[in-house]
Amino acid sequence: MSRRLWLIVPAAGQGKRMGADRPKQYLELAGRPILAHTLTRLHQAFPEARLCLCLDPDDDWLDAHWVPFADWRRTPGGAERVDSVAGALAAIAEEAGADDLVLVHDVARPCVTVDDLHRLRDAAREAAAGAILAAPVADTMKRDDGRGHIRATEPREGLWHALTPQGFGYALLCRALEAARARGVAITDEASAVEALGLAPRLVSGRRDNLKVTHPDDLSLAGWILAGQGDPYCNPGEPA
């Protein structure tokens, strides 16, 4: 029996660093909310997938017309990303098989390409410890002294920027998150929980334009990226 594919998209954050009047996933990008762009990209790659969209219980911004998936559900988001993902995993516990593949993707990454999505899925299915999209560090890395001055230059060889999606077998991801929480391990992404089990997820080199919209100037940059990618929803003359 083929492994089913589940998508978990944490979207319960408030995006306070954007300084906007609404959560950042609902900010307009090329005439549509960031969330709508992100879900469209995921659907282009995986129209058959089952989607868990993790939203704040009080979120009344969502318009269901922005969700292109036939099989999707809204699950309660938590205070932290890990809480949202754990809640989604619990919500599908009676349907998901142990070997089903789960891809977790940031709602604020609308520029991920279909090709990268397919390559990540294929790698995650092959690798026992799962896989993540990532990009090798290209810049010189500085460590500060806690007072705004350089303490040291860190060698960048072997360093990668972790991107999303990150993909793992359903049972493995559940076990990793449960073990990390029980041991009080800080979870910054799903891979860090799997790493805490002593496993080594595969790194899949992804495009550097898989931007995470975090700060106000990221919004216009994301617009230009979408236009450059030929996104049908983006007017190149008006990127944001």
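Everything below is about the structure shown above.
Residues numbered from 1 in each chain as written. Predicted model: local features only at pLDDT ≥ 70, side-chain atom pairs only at ≥ 80, totals over all residues. Heavy atoms only, no water.

### Topic: the pairing of strand β9 (residues 150–154)
Here is step 1: Judged from the four bridges that link them, strand β8 (residues 141–144) and β9 form a sheet pairing that is antiparallel. Bridge pairing in β9 places arginine 143 opposite alanine 152.
Here is step 2: In this antiparallel pair of consecutive strands, β8 and β9, the connection spans five residues, and glycine 146 shows a positive phi of 85 degrees. (Pairing = 2+ DSSP bridges. Helix = DSSP H or I, 4+ residues; strand = E, 2+ residues; numbered from the N terminus.)

### Things to note about the packing of aromatic side chains
Here is step 1: The final tally for this structure, using the stated rule, is two aromatic pairs.
Here is step 2: Considering the side-chain rings of tyrosine 26 and tryptophan 66, the 6.0 Å spacing of their centres and the 40 degrees angle between planes classify their relative orientation as tilted. Linking tyrosine 26 in the loop between β1 (5–10) and β2 (28–29) with tryptophan 66 in the loop between β4 (50–55) and β5 (72–76), this pair joins segments that are 40 residues apart in sequence.
Here is step 3: The exposure class of tyrosine 26 is buried, given its relative accessible area of 4%. (Phe/Tyr/Trp six-rings, centres within 6.5 Å; stacked < 30°, edge-to-face > 60°. Buried < 20%, exposed > 50% of the residue type's maximum accessible area, 1.4 Å probe, protein only.)

### Topic: the nonpolar core
Here is step 1: Counting residues in each nonpolar core, the largest one holds 30 residues, and the members touching the most others are Leu7, Leu35, Leu39, Phe46 and Leu53.
Here is step 2: Every element with two or more residues in this core is listed here: β1, α1 (34–45), β4, β6 (101–104), α3 (114–126) and β7 (131–136).
Here is step 3: Excluding anything up to four places from it in sequence, leucine 53 contacts Val9, Ala11, Leu35, Leu39, Leu62, Val67, Trp72, Arg73, Arg74 and Thr75. (Core = buried A, V, L, I, M, F, W, Y, C linked by side-chain atoms within 4.5 Å. Contact = heavy atoms within 4.5 Å.)

### Some points on the pattern of salt bridges
Here is step 1: As enumerated under the stated definition, the model contains 18 salt bridges in all.
Here is step 2: Notably, a salt bridge pairs arginine 81 with aspartate 106, separated by 2.3 Å at the nearest N-O pair. In this pair, arginine 81 sits in helix α2 (residues 81–91) while aspartate 106 sits in the loop between β6 and α3, placing the two residues 25 residues apart along the sequence.
Here is step 3: Among the residues examined, aspartate 106 registers a relative accessible area of 8% and is labelled buried.
Here is step 4: Where arginine 119 meets aspartate 115, a salt bridge forms, and the shortest distance between an N and an O atom there is 3.5 Å. Here the residue arginine 119 and the residue aspartate 115 both occupy positions in helix α3, the gap between them amounting to four residues, near one helical turn.
Here is step 5: When salt bridges that share partners are traced, they join Arg50, Asp71, Arg73 and Glu95 into one network. (Salt bridge = Lys/Arg side-chain N within 4 Å of Asp/Glu carboxyl O.)

Scope: geometric values only; no functional claims are made or implied.
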